Amino acid sequence: MIRGWLKAGVFEAGKGFAPTGEGTPQGGVISPCLLNVALHGLEQAAGVRYKTSGTRAGATKPGSPVAVRYADDVVVLCHSQEQAEHVRARLAEWLAPRGLAFNEDKTRIVHLNDGFDFLGFNIRRYQNRKLLIKPSKAAIRRVRERLASETRALRGSNAAAVIAALNPVIRGWAAYYRGAVSSRVFSSLDDYMWKLTWKWATWRHNNKPKRWIVGRYFGKFNTFRNARWVFGDRDSGACLVKFSWTNIERHVPVPGAASPDDPALARYWAERRRKARPPLDRYTLRLLTRQDGRCPLCGDHLLSPDQPPQSPQQWEQWWLRVTRRAIAASYLAHHGRPGPAGGDQTRLVHASCQRAIHARQRGKPALQPATP
């Protein structure tokens, strides 16, 4: 079925029908799914063995290697150099009939003390025998370059445009790496962002004194944070978020060979997604918990219960599409009768529900005072 689907051809707007005799292009949205199909059984080929009973069911057996795969990226953790070379030979033999082979430039055997990069993370065991998973140096370099280029491109814009462009990047990157040992990295990136915004402000107002620039763009914009050097816009009150405002949430490993595509495990994955807290501030999370994650106006879920994003770019798009547009125009809006922000009347609602209420209120005629 998949072979026939790959050769069925595609239809492009403006170009018409085009045959596809060589499958799907690299980097296409369907590529991870196809690779999951093609590489199904790789763990068994590598010799991974799981316990099937007892309290430790789903854990690997003693002496067994551990294989971790995402699409066509795979890492196999072995107990010795000899076992690693044996697993590599077995996998090469298993891949050959499928027309696949290892990329020799990217495939290597390293000791855990030296560390290695995988999916933007660096996995390494340090001298104190502690294994730490941190953002890789290459990932940190990429996000710094992205932030610097975005800031340079916005030199002619106002502070609101800078905040709107950089906040999704910061939130997306921090959300992806919040499950690792990232506190120090977040703090260093906050320092880097301060330097970028200060340079942007001094370039934009090169004839103004530093005291004026500080009063114009820096201050305690976020009332929920005790931070006085936050970059913000005085006109709208919006502020640039910090990496360190994203709380560290340790990743809970998936037991055994549990797959999100297994219908028998639908309940397990639904419960796992429900427990996973989205990368939002504590006040908003408290409101979501109090409302059971539902909009009080329509009763539907405020956030999508789908599989969480799998990369910084996907988290960035999640923030833009789901949180900002689907729930509120300015992130998560609070809807309720006049009162303090922390009062019982404060609720989170869908942006569409909020707009519908405002439209109905504008359409109602004003009440006329009763005549005696």
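Residues numbered from 1 in each chain as written. Predicted model: local features only at pLDDT ≥ 70, side-chain atom pairs only at ≥ 80, totals over all residues. Heavy atoms only, no water.

Participant: Could you give an account of helix α12 (residues 351-363), with specific residues and numbers?
Facilitator: An α-helical segment advances 3.6 residues per turn. Residues three or four places apart therefore align on the same side. Its 13 residues place the ends of α12 18 Å apart at the C-alpha level, agreeing with the 18 Å of an ideal helix rising 1.5 Å per residue. When α12 is considered as a whole, its buried residues turn out to be A351, C353, Q354 and I357. For α12, the angular spread of buried residues about the axis comes to 165°, placing them on one side. In α12, the exposed positions angled more than 90 degrees off the buried face are occupied by R355, R360, R362 and G363. (Helix = DSSP H or I, 4+ residues; strand = E, 2+ residues; numbered from the N terminus. Expected span 1.5 Å × (residues − 1). Buried < 20%, exposed > 50% of the residue type's maximum accessible area, 1.4 Å probe, protein only. Arc of directions from axis to C-beta.)

Participant: Got a sec to walk through the nonpolar core? Specific residues and values, please.
Facilitator: Counting residues in each nonpolar core, the largest one holds 58 residues, and the members touching the most others are L147, I170, W173, M193, Y217, F231 and F243. What F231 contacts, discounting residues up to four positions off in sequence, is A159, V162, I163, T197, W200, Y217, F218, F221, C239 and L240. Among the nonpolar cores identified, the runner-up in size contains ten residues, and V48, L91, W94 and L95 belong to it. (Core = buried A, V, L, I, M, F, W, Y, C linked by side-chain atoms within 4.5 Å. Contact = heavy atoms within 4.5 Å.)

Participant: With reference to specific residues and values, describe unusual backbone geometry.
Facilitator: Residues other than glycine seldom take positive phi values, yet L119 does so here, at roughly 55°. You can see L119 is positioned in the loop between β5 (116-118) and β6 (121-125). For L119, a relative accessible area of 34% corresponds to the partly exposed category. Phi is positive for R129, close to 70°, though the residue is something other than glycine.

Participant: Can you lay out the packing of helix α5 (residues 137-153) against helix α6 (residues 159-177) for me, pointing to particular residues and giving the numbers?
Facilitator: With their axes 10 Å apart at the nearest point, α5 and α6 run at an angle of 170° to one another. Regarding the angle of α5 to α6, the classification is roughly antiparallel. Touching A139, I140, V143, R146, L147, E150 and T151 of α5 are A165, L166, V169, I170, W173 and Y177, all from α6. In terms of residue class, the contact of α5 with α6 is built from ten nonpolar, one polar and two charged. (Axes fitted to C-alpha atoms, helices over the stretch in contact; angles between N-to-C directions. Parallel < 35°, antiparallel > 145°, perpendicular 65-115°, else oblique. Nonpolar A, V, L, I, M, F, W, Y, C, P; charged D, E, K, R; others polar.)

Participant: Residue-level account of the sheet that holds β5, with values.
Facilitator: On the basis of which strands lie adjacent, the open sheet formed by three strands has the order β5-β6-β7 and antiparallel pairing. Each edge of the open sheet is held by one strand with a lone partner, namely β5 and β7 (131-135). Between one strand axis and the next, the sheet turns by 30° as a mean value, whatever way the strands run. As paired elements, β5 and β6 share three bridges and run antiparallel to each other. Residue pairing across strands places F116 opposite I123, the latter belonging to β6. (Pairing = 2+ DSSP bridges.)

Participant: Explain empty space enclosed by the protein to me, and be specific about the residues and the numbers.
Facilitator: Summed over the entire model, instances satisfying the criterion amount to one cavity of 30 Å³ or more. Here the largest cavity defines a volume of roughly 100 Å³. As for the largest cavity, its lining consists of I170, D190, M193, W194, T197, F218, W229, V230, F231, L240, V241 and K242. Taken together, the elements giving at least two residues each to the lining of the largest cavity come down to α7 (183-204) and β9 (230-231). Sorting elements by how many residues they give to the lining of the largest cavity places α7 first, with four residues. Classifying every residue of the lining of the largest cavity gives nine nonpolar, one polar and two charged. (1 Å grid on protein atoms, 1.4 Å probe; cavity = no way out; pocket = protein on both sides within 12 Å on 5 of 7 lines; lining within 4 Å. Points joined across faces, edges and corners; volume = space filled by probe spheres on them.)

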